[in-house]
Amino acid sequence: MLKVRRMLCGLLIASVWAGGASAQMAEPAQPASVKTIQAAGGAVLTDSEGKTLYVFDRDGAGKSNCNDKCAQNWPPLSAQADAKSVGKYTVVTRDDGSRQWAYDGKPLYRWVKDQKPGDATGDGIGGVWHTARP
């Protein structure tokens, strides 16, 4: 009887551990500086402070074309020097040598006029700026 209890206990622990491991693996891989939130129009990417991230239609795959004055209005989402790609997130090198996070090949930016988490006032500006969505 004691052997049966030990065996059942072991099976229970193994199944709980396996279930927890699979739940953790199901989480989407993303850098610590990016979050995914649910907004009225669906999932949106934000920075770690909850401010909306954007993509720019004039960027090439893995290449930012928003520099100088543009980057003052649309600050790039900076990546640390030792940052490594994770999932669909990659690191691109900007013209000035700094590094920036990209999602699915599109560099990510903030908009200076967004004041608080949840603001998305940059969506649609000039027909070329759009909320970043996973």
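Residues numbered from 1 in each chain as written. Predicted model: local features only at pLDDT ≥ 70, side-chain atom pairs only at ≥ 80, totals over all residues. Heavy atoms only, no water.

1. Description of the overall build of the protein chain
Defined as follows: Here a strand is any run of E in DSSP of at least two residues, a helix any run of H or I of at least four, and the numbering for each starts at the N terminus. Residue burial is assigned from relative accessible area. The probe radius is 1.4 Å, only protein chains are included, and a residue is buried under 20% of its type maximum, exposed over 50%, and partly exposed in between. Throughout, a residue-residue contact means that at least one pair of heavy atoms, one from each residue, lies within 4.5 Å.
Counting its secondary structure elements, the protein chain contains two helices and seven strands. For the protein chain, the N- to C-terminal ordering of α and β elements is α-β-β-β-α-β-β-β-β. Counting all 134 residues of the protein chain, 31% fall into the buried class. Summarising the internal contacts of the protein chain: among those between residues at least 6 apart in sequence, 58% fall at separations of at least 24.

2. Notes on the state of the cysteines
Cut-off, in case you're wondering: Here, the term disulfide refers to a pair of cysteine sulfur atoms separated by no more than 2.5 Å.
Inspection of the entire model under this criterion finds one disulfide. Across a sulfur-sulfur distance of 2.0 Å, C66 and C70 are joined as a disulfide pair. Here the S-S torsion is close to -105 degrees, and the disulfide linking C66 with C70 is therefore left-handed.

3. Concerning the environment of Q115
Mapped onto the elements, Q115 comes out in the loop between β6 (106–107) and β7 (129–131). Judged by its relative accessible area of 57%, Q115 falls in the exposed class. Taking C-alpha positions, Q115 is 8.1 Å from K51, a pair spaced 64 residues apart along the chain.

4. Quick word on the sheet that holds β6
To keep it simple, the criterion reads: Should DSSP find at least two bridges between two strands, the strands are regarded as paired.
Within the open sheet, the three strands sit side by side as β4-β5-β6. Their pairing is antiparallel. Strands with a single pairing partner mark the edges of an open sheet, and in this sheet they are β4 (89–93) and β6.

5. As for unusual backbone geometry
Here the phi dihedral of D68 falls at roughly 55 degrees; this positive angle occurs in a residue that is not glycine. Positionally, D68 belongs in the loop between β3 (54–56) and α2 (69–73). In the Ramachandran plot, D104 falls in the positive-phi region, its phi being about 55 degrees despite a non-glycine side chain. Counting through the fold element by element, D104 comes out in the loop between β5 (99–103) and β6.

6. Here's the deal with the pattern of salt bridges
Should the charged atoms of two oppositely charged side chains come close, the side chains can pair. Applicable threshold: Salt bridges are defined by distance alone: a side-chain nitrogen of Lys or Arg within 4 Å of a carboxyl oxygen of Asp or Glu.
As enumerated under the stated definition, the model contains three salt bridges in all. In this structure, the salt-bridge partner of D47 is R110, at a minimum N-O distance of 2.8 Å. With D47 in strand β2 (residues 42–47) and R110 in the loop between β6 and β7, this residue pair connects regions lying 63 residues apart in the sequence. One salt bridge connects D95 with K63, and the closest N-O pair in it is separated by 2.7 Å. Placement of the pair is D95 in the loop between β4 and β5 and K63 in the loop between β3 and α2, with a sequence separation of 32 residues. Residue classification places K63 among the partly exposed positions, given a relative accessible area of 33%.

By themselves these figures say nothing about function.
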